[in-house]
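So the chains spell out like this:
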Amino acid sequence: MSLGAELRAVYDAFAEKAPADRREVMARGGRELAASEPAERALGVGDKAPA
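Here the structure is a predicted model, which means the values were calculated and not measured.

Parameters and conventions
- Residues numbered from 1 in each chain as written.
- Predicted model: local features only at pLDDT ≥ 70, side-chain atom pairs only at ≥ 80, totals over all residues.
- Heavy atoms only, no water.
- Salt bridge = Lys/Arg side-chain N within 4 Å of Asp/Glu carboxyl O.
- Helix = DSSP H or I, 4+ residues; strand = E, 2+ residues; numbered from the N terminus.
- Buried < 20%, exposed > 50% of the residue type's maximum accessible area, 1.4 Å probe, protein only.
- Polar contact = N/O pair within 3.5 Å; in protein donor to acceptor, adjacent residues only side chain to side chain.
- Axes fitted to C-alpha atoms, helices over the stretch in contact; angles between N-to-C directions.
- Parallel < 35°, antiparallel > 145°, perpendicular 65-115°, else oblique.
- Contact = heavy atoms within 4.5 Å.
- Nonpolar A, V, L, I, M, F, W, Y, C, P; charged D, E, K, R; others polar.

(A) Region of interest: the pattern of salt bridges. Applying the stated rule across the entire model yields 2 salt bridges. Between Arg-8 and Asp-12 there is a salt bridge whose closest N-O contact spans 3.4 Å. Residue Arg-8 and its partner Asp-12 are both found in helix H1 (residues 3-17); the two are separated by 4 residues, about one turn of the helix. Here Arg-31 ties to Glu-24 by a salt bridge, and the two come within 3.0 Å at their closest N and O atoms. Judged by relative accessible area, which is 38%, Glu-24 ranks as partly exposed.

(B) Inspection of the environment of Ser-36 at higher detail. Locating Ser-36 in the fold gives a position in the loop between helix H2 (20-35) and helix H3 (38-41). Ser-36 gets classed as partly exposed once you look at its relative accessible area, which sits at 31%. A polar contact of 2.7 Å, which involves the side chain of Ser-36, links it to the backbone oxygen of Leu-33.

(C) Highlighting the environment of Gly-46. Looking at where Gly-46 falls in the secondary structure, it is placed in the segment after H3. You can call Gly-46 exposed: its relative accessible area is 72%. With 39 residues separating them in the primary sequence, Gly-46 and Leu-7 have C-alpha atoms 29 Å apart.

(D) Up close: the packing of H1 against H2. At a minimum axis separation of 8 Å, H1 and H2 run at an interaxial angle of 150°. Judged by the inter-axis angle, H1 sits roughly antiparallel to H2. Along the contact surface, H1 presents Tyr-11, Phe-14 and Ala-15, while H2 presents Arg-22, Arg-23 and Met-26. Of the residues contributing to the contact of H1 with H2, the split by class is 4 nonpolar, no polar and 2 charged.

And the structure:
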């Protein structure tokens, strides 16, 4: 199972059992993370890490 599939399974299991207010907090966190575009700030191959 790929990491993406495993994470999706964990999320789906959470969503089935969690109350609606908790699901909304989780969804909002996901939207905020996606909006912050972490991949745009990630170091690439050969980049120097900050000291």
